[in-house]
Amino acid sequence: MTTHIPPITEDDIAQFLTNTPGFFERHAEVLASVQITSPHGARAVSLQERQAEMLREKIKGLEQRVMEMVRNSNENAAIAHKVHQWTGSLLQVRDPFDLPQTVVDGVRTLFDVPQAAVRVWEVAAPYIDADFTQGASDDARAFASSLTMPFCGPNLGFEPAGWLAQEGGEPAQSLALLPLRAGAIDSATPAFGLLVLGSHDPQRFDATMGTDFLSRMAELASAALLRLK
């Protein structure tokens, strides 16, 4: 009776080499004689050379990741410095009446935001007729309270977009709407204001962008503007 032996597959060979690490030590001439095609051309290279190429490619990829990490670290350090400056300017304001303008000025100058505006409501009596309390409808206030994170996206004609100064007659193409409330931005506390950032660049405030930094900005501005309550 003839016994049928299944053919050896590539997986069998790979498993054998994996389970027999000393094979190439005992048969070094096999390792030296293996020729494969280089990915950088049609020429044949030795297995050792191909392994060296793979290592160089891996090292290059790791170097790029390190450079990206360094770049991100530098950008984060720069942002942290700007937040520190902004915080300092808010703490130096003695008259609460000046706080909304200080918030807006800091956003524009420190964070290079072309357009910014803020509205607050339910303020104390001395500030009830100030410009920064005017123009926020009940719908806008309800919308602000519904936000538990910054809204970023195109300017679809939101009421708060009208609060922005239209530089050069051109309305903002993208917006970031930051709710102002006591405590964390994602709490259930009703908003007492809204900080609006605008840009002529449609991609500046994209719906897919991260909002962690904007959330911290909203909480910092909220803490300062609570002095108006």
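1. Section: the pattern of salt bridges
In step 1: Inspection of the entire model under this criterion finds 2 salt bridges.
In step 2: The salt bridge involving Lys229 is made with Glu122; its shortest N-O contact spans 3.9 Å. Of the two residues, Lys229 is situated in the segment after α7 (212-225) and Glu122 in the loop between β3 (115-120) and α6 (138-146); the sequence distance between them amounts to 107 residues.
In step 3: The exposure class of Glu122 is exposed, given its relative accessible area of 59%.
In step 4: For Glu219, the salt bridge identified is with Arg216, shortest N-O distance 3.2 Å. Of this pair, Glu219 and Arg216 both sit in helix α7, 3 residues apart, which is roughly one turn of that helix.
In step 5: Accessibility expressed as a relative area gives 45% for Arg216, which makes it partly exposed.

2. Observations concerning the layout of surface pockets
In step 1: There is about 250 Å³ of room inside the largest pocket.
In step 2: Taken together, 15 residues line the largest pocket, and the ones lying closest to its centre are Pro100, Gln101, Arg119, Asp131 and Phe132.
In step 3: Breaking the lining of the largest pocket down by element, the ones donating at least two residues are α5 (99-110) and β3.
In step 4: A per-class count over the lining of the largest pocket returns 11 nonpolar, 1 polar and 3 charged.
In step 5: Empty space within the second largest pocket amounts to approximately 210 Å³.
In step 6: Considering the residues around the second largest pocket, the lining is formed by 13 residues, among which Phe111, Val113, Arg204, Phe213 and Leu214 are closest to the centre.
In step 7: For the lining of the second largest pocket, the elements supplying multiple residues, two or more each, are α4 (47-91) and α7.
In step 8: Residue composition of the lining of the second largest pocket, by class: 9 nonpolar, 1 polar and 3 charged.

The rules behind each value
Residues numbered from 1 in each chain as written. Predicted model: local features only at pLDDT ≥ 70, side-chain atom pairs only at ≥ 80, totals over all residues. Heavy atoms only, no water. Salt bridge = Lys/Arg side-chain N within 4 Å of Asp/Glu carboxyl O. Helix = DSSP H or I, 4+ residues; strand = E, 2+ residues; numbered from the N terminus. Buried < 20%, exposed > 50% of the residue type's maximum accessible area, 1.4 Å probe, protein only. 1 Å grid on protein atoms, 1.4 Å probe; cavity = no way out; pocket = protein on both sides within 12 Å on 5 of 7 lines; lining within 4 Å. Points joined across faces, edges and corners; volume = space filled by probe spheres on them. Nonpolar A, V, L, I, M, F, W, Y, C, P; charged D, E, K, R; others polar.

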